[in-house]
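In case you want the letters, here they are:
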Amino acid sequence: MSGRIFYICSVMAEKIEISIVVPLYNEVESLPELHEWIVSVMEANKFTYEIIFVDDGSKDGSWDAVLKLRASNTNVRGIKFQRNYGKSAALQKGFEAVKGDYVVTLDADLQDSPEEIPEMIRMIKEDGYDMISGWKKKRYDPLSKTIPTKLYNWTARKLTGIYLHDFNCGLKAYRSIVVKSIEVYGDMHRYIPPLAKYAGFNKIGEKVVQHQARKFGTTKFGLNRFMNGPLDLLSVVFIGKFGKKPMHFFGAIGTLLFLIGFGFALYLGIDKTLSFFSDRLSPLIAQRTEFYIALTAMIIGSQFFLAGFIAELIGRNSSSRNVYLIETEI
């Protein structure tokens, strides 16, 4: 086994009410202040809680900071990846580790306010929501980030039918069963609400949250997110609607194309037969445009149908879980 896994376990007498998952990558300066902020909110509201810091392969001493926080607070837990896998992987491992009845995610850069947590949990408890997504109505990000974000959110609303203003807000609250029922991979952290909806959790709410200006460091997301975002959205929508039944998508398109091609072929055959028994001259079938339309449509239709069939076989005989190598867990 390449890589080592270490565990430090503690027994908690009280049942955990809230699990807070904090994915982080090179955020050593902000962790002590974030920890203190979270603890103050939890204690002020008398919540039983755990804080799970998921270090996504940081190189700046963030893990040492997590160890120090753990030494001073037994409610702190930590997971350290051996290398950088991305935010989605960090959230997935955090979701697998949570023990609380409710789960909250927030970023480690101090731009998300823990003071929003009590009201978000209240909305889940009393108003019956499955999850609450934060909405950074007033943002402190540059236009190069806010304009594409607005476009992505508009597109996501139209494709998914979930009318949220801010799909990518890191501050979200869930019932525990929601995060245990979804799988976050690739860059799917941007579209957790659609993942929850397609898993059967339709009560998705939204709360306007305070957005802080970045205090330390720089953003960890580059220009590639402008390409990956739309592609991931299409993947989420497709997998949500057809992930368990790919033949319904590929088979339907393939059958339609094949029938169109067969219709043209049948027309050519009838026309050629009628011309044979009459004095009308008819060009060779291979010289007619309809022949190539028929041939192309039937070939592509057959390929789509076979793609759906193969996808069904793969889906029924493979595991969708990704494996992330953990170096240390506390």
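Within each chain, residue numbers correspond to sequence positions counted from 1 in written order. Given that the model is predicted, a residue must reach a pLDDT of at least 70 before its local features are reported, and side-chain atom pairs must reach 80 or more before they are shown or counted; all residues, however, enter totals for whole chains, interfaces and linings. Only hydrogens and water are removed before side-chain values are computed, so all heavy atoms of the structure are retained for them.

S.K.: How would you sum up the overall build of the protein? Please name residues and give values.
M.R.: The secondary structure listing takes helices from DSSP runs of H or I that are at least 4 residues long and strands from runs of E that are at least 2 residues long, numbered from the N terminus. The secondary structure content of the protein amounts to 10 helices and 8 strands. A burial count over the protein gives 46% of its 330 residues as buried. Any pair of residues with heavy atoms lying within 4.5 Å of one another is described as a contacting pair. The contacts in the protein between residues at least 6 apart in sequence include a share of 81% that link residues at least 24 apart. Calculation of accessible area relied on Shrake-Rupley with a 1.4 Å probe; when residues are assessed, cover is drawn exclusively from the protein chains displayed. Per element, the accessible surface of the protein, about 17500 Å² overall, is 61% carbon and sulfur. Relative accessible area decides the class of each residue, using a 1.4 Å probe on protein chains only: under 20% of the type maximum gives buried, over 50% gives exposed, and in between gives partly exposed.

S.K.: Please provide a residue-by-residue account of unusual backbone geometry, values included.
M.R.: Most of the time, phi is negative for any residue but glycine, and the peptide bond is trans. At Asn 26, a residue that is not glycine, the phi angle is positive and equals roughly 55 degrees. Counting through the fold element by element, Asn 26 comes out in the loop between β1 (18-24) and α1 (31-44). Classification of Asn 26 by relative accessible area gives partly exposed; the value is 22%.

S.K.: Tell me what's going on with the nonpolar core, and back it up with residues and numbers.
M.R.: Looking at soluble globular proteins, one finds that nonpolar side chains tend to be buried together. Definition of nonpolar core: a set of buried residues of the types Ala, Val, Leu, Ile, Met, Phe, Trp, Tyr and Cys, connected through side-chain atoms within 4.5 Å. Ranked by internal contacts, the top residues of the largest apolar core, which has 36 residues, are Ile 20, Val 22, Met 42 and Phe 53. Taken together, the elements giving at least two residues each to this core come down to β1, α1, β2 (49-55), α2 (62-72), β4 (102-105) and α4 (117-127). Each residue touching Met 42, except ones within four places of it in the same chain, is listed here: Ile 18, Ile 20, Phe 47, Tyr 49 and Ile 117. Counting residues in hydrophobic clusters, the runner-up holds 33 residues, among them Ile 52, Val 178, Ile 182 and Ile 326.

S.K.: Break down a nonpolar patch on the surface for me, citing the residues and quoting the values.
M.R.: A patch is a set of surface residues, each over 30% in relative accessible area and not in a salt bridge, joined within 9 Å for like charges and within 5 Å for the nonpolar side chains Val, Leu, Ile, Met, Phe, Trp and Tyr. The salt bridge criterion pairs a side-chain nitrogen of Lys or Arg with a carboxyl oxygen of Asp or Glu, the two atoms within 4 Å. A contiguous nonpolar surface patch, about 580 Å² in accessible area, is contributed by Phe 258, Leu 259, Phe 262, Leu 266, Ile 270 and Leu 274. Mapped onto the elements of the fold, Phe 258 is located in helix α9 (residues 246-276). Looking at Phe 258, the relative accessible area reads 35%, which means it is partly exposed.

S.K.: Talk me through the environment of Leu 69; I want residue IDs and the actual numbers.
M.R.: You can see Leu 69 is positioned in helix α2. Here Leu 69 falls in the buried class, since its relative accessible area comes to 9%. C-alpha separation for the pair Leu 69 and Pro 32, spaced 37 residues apart in sequence, amounts to 7.3 Å.

S.K.: Provide a residue-level description of the sheet that holds strand β8 (residues 326-329), including the pertinent values.
M.R.: Strands pair, by our definition, only if DSSP identifies at least two bridges between them. Ordered in space as β7-β5-β6-β4-β1-β2-β3-β8, the 8 strands form an open sheet in which the pairing is mixed. The two strands at the open ends of the sheet, each matched to only one other strand, are β7 (204-208) and β8. This sheet shows a mean twist of 20 degrees between the axes of neighbouring strands, independent of strand direction. Here 3 bridges tie strand β5 (residues 131-135) to strand β6 (residues 172-175), and the two strands are oriented antiparallel to one another. Bridging from a neighbouring strand, Ile 132 pairs with Ala 173 of β6. Angles here are taken between N-to-C directions and fall from 0 to 180 degrees, while the axes themselves are lines fitted to C-alpha atoms, restricted in helices to the stretch in contact. Against the sheet, α1 contacts β1, β2 and β3 (76-81), and its axis sits at roughly 160 degrees relative to β2.

S.K.: If you had to explain the pairing of β1 to someone new, which residues and values would you point to?
M.R.: Across the 7 residues that make up β1, a large majority, 7, are buried. Note that β1 and β2 share 7 bridges and pair parallel. Residue Val 22 lies in a different strand from β2, and its bridge partner there is Phe 53. Looking down the strands as they point away from the viewer, one classifies a crossover as right-handed if the path from the first strand across the helix to the second runs clockwise. Taking the sense of rotation as the criterion, the β-α-β connection linking β1, α1 and β2 turns out right-handed. Taken together, the 4 bridges between β1 and β4 define a ladder with parallel strand orientation. Each bridged residue has a counterpart across the sheet, and for Ile 18 the counterpart in β4 is Tyr 102.

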